[in-house]
Amino acid sequence: MFARTLVVAAATSLAALLVLPGCAVTRGQETVGEYIDDAAITTQVKAKFVEAKSVDAASIKVETLNGEVMLSGFAKNATEKSDAERIARDVKGVKRVKNEIAVRP
């Protein structure tokens, strides 16, 4: 009986060691909550881009890390670039926006 309990405990421990690292937070977030917050911010910014008539949502990539949003991709003109930045800044939870959008000539 003791040997069986020991085998089950060892198997459970081994399974936990193999599975739990897959749940680890990466990309610099400290907690799973921060990762989820960043994903929510990215989703909200993208949704606002889709709603906006002045921004081509398909041409602009949005990434969020610790509340800091980075925009990249291409804009048709400087107005579209600045509108994208303004829209991103207005999303709740955004701490800073880095605008790396290139304006196509």
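Since the model is a prediction, treat every value here as computed from it, not as a measurement.

Enquirer: Can you walk me through the packing of aromatic side chains in this structure?
Expert: The relative placement of two aromatic rings is captured by the distance of their centres and the angle of their planes. This structure, assessed with the given rule, holds zero aromatic pairs. The positively charged end of Arg-104 is found above the aromatic ring belonging to Phe-74, 4.3 Å away from the centroid.

Enquirer: So what exactly am I meant to see when it comes to the pattern of salt bridges here?
Expert: Considering all chains together, one arrives at five salt bridges under this definition. We note a salt bridge from Lys-76 to Asp-56, for which the minimum N-O separation is 3.9 Å. Linking Lys-76 in the loop between strand S2 (68–75) and helix H3 (78–89) with Asp-56 in the loop between helix H2 (32–51) and strand S1 (60–65), this pair joins segments that are 20 residues apart in sequence. Judged by relative accessible area, Lys-76 falls into the exposed class, the value being 58%. When the shortest N-O distance is used, the salt bridge between Glu-63 and Lys-61 registers 3.7 Å. Exposure remark for Lys-61: the relative accessible area of 49% places this residue in the partly exposed category.

Enquirer: Can you walk me through the confidence of the model for the protein chain in this structure?
Expert: Parts of the prediction with low pLDDT should not have their coordinates interpreted in detail. A residue-level look at the protein chain finds 71% of positions with pLDDT of 70 or above and a mean pLDDT of 83. Contacts for the low-pLDDT stretch residues 6–11, under 50 throughout, to residues beyond four places or in other chains number zero contacts. Taken as a whole, residues 17–25 scores under 50 in pLDDT and shows five contacts with residues more than four places along the chain or in a different chain.

Enquirer: Any chance you could explain the side chain of Glu-80 here in plain terms?
Expert: Tracing the chain through its elements places Glu-80 in helix H3. From its side chain, Glu-80 meets the backbone nitrogen of Asp-56 in a polar contact 2.8 Å long. Contact partners of Glu-80, with chain neighbours within four places excluded, come to Ser-54, Val-55, Asp-56, Ile-60 and Ala-75.

Enquirer: Honestly, the environment of Val-62 in this entry has me stumped. Any pointers?
Expert: Structurally, Val-62 is set in strand S1. Put simply, Val-62 and Ser-72 are 10 residues apart on the chain and 6.7 Å apart in space, counted from C-alpha to C-alpha. Contact partners of Val-62, with chain neighbours within four places excluded, come to Thr-42, Val-45, Lys-46, Phe-49, Val-69, Met-70 and Leu-71.

Enquirer: How should H3 be read in this particular structure?
Expert: Owing to its 3.6 residues per turn, the α-helix brings residues three or four apart onto one side. For H3, spanning 12 residues, the distance from its first C-alpha to its last is 17 Å, which sits close to the expected 16 Å at 1.5 Å a residue. Three or more residues of H3 are buried, namely Glu-80, Asp-83, Ala-84, Ile-87 and Ala-88. Viewed end-on, H3 has its buried residues packed into an arc of 130°, placing them on one side of the element. Where the residues of H3 are buried, they touch H2, S1, S2 and strand S3 (96–103). At the N-terminal end of H3, a side-chain oxygen is found 3.2 Å from the backbone nitrogen of Thr-79, two or three residues along, and the residue is Asn-77.

Basis of the calculations
Residues numbered from 1 in each chain as written. Predicted model: local features only at pLDDT ≥ 70, side-chain atom pairs only at ≥ 80, totals over all residues. Heavy atoms only, no water. Phe/Tyr/Trp six-rings, centres within 6.5 Å; stacked < 30°, edge-to-face > 60°. Lys NZ or Arg CZ within 6 Å of the ring centre and 35° of its normal. Salt bridge = Lys/Arg side-chain N within 4 Å of Asp/Glu carboxyl O. Helix = DSSP H or I, 4+ residues; strand = E, 2+ residues; numbered from the N terminus. Buried < 20%, exposed > 50% of the residue type's maximum accessible area, 1.4 Å probe, protein only. pLDDT = per-residue confidence, 0-100. Contact = heavy atoms within 4.5 Å. Polar contact = N/O pair within 3.5 Å; in protein donor to acceptor, adjacent residues only side chain to side chain. Expected span 1.5 Å × (residues − 1). Arc of directions from axis to C-beta.

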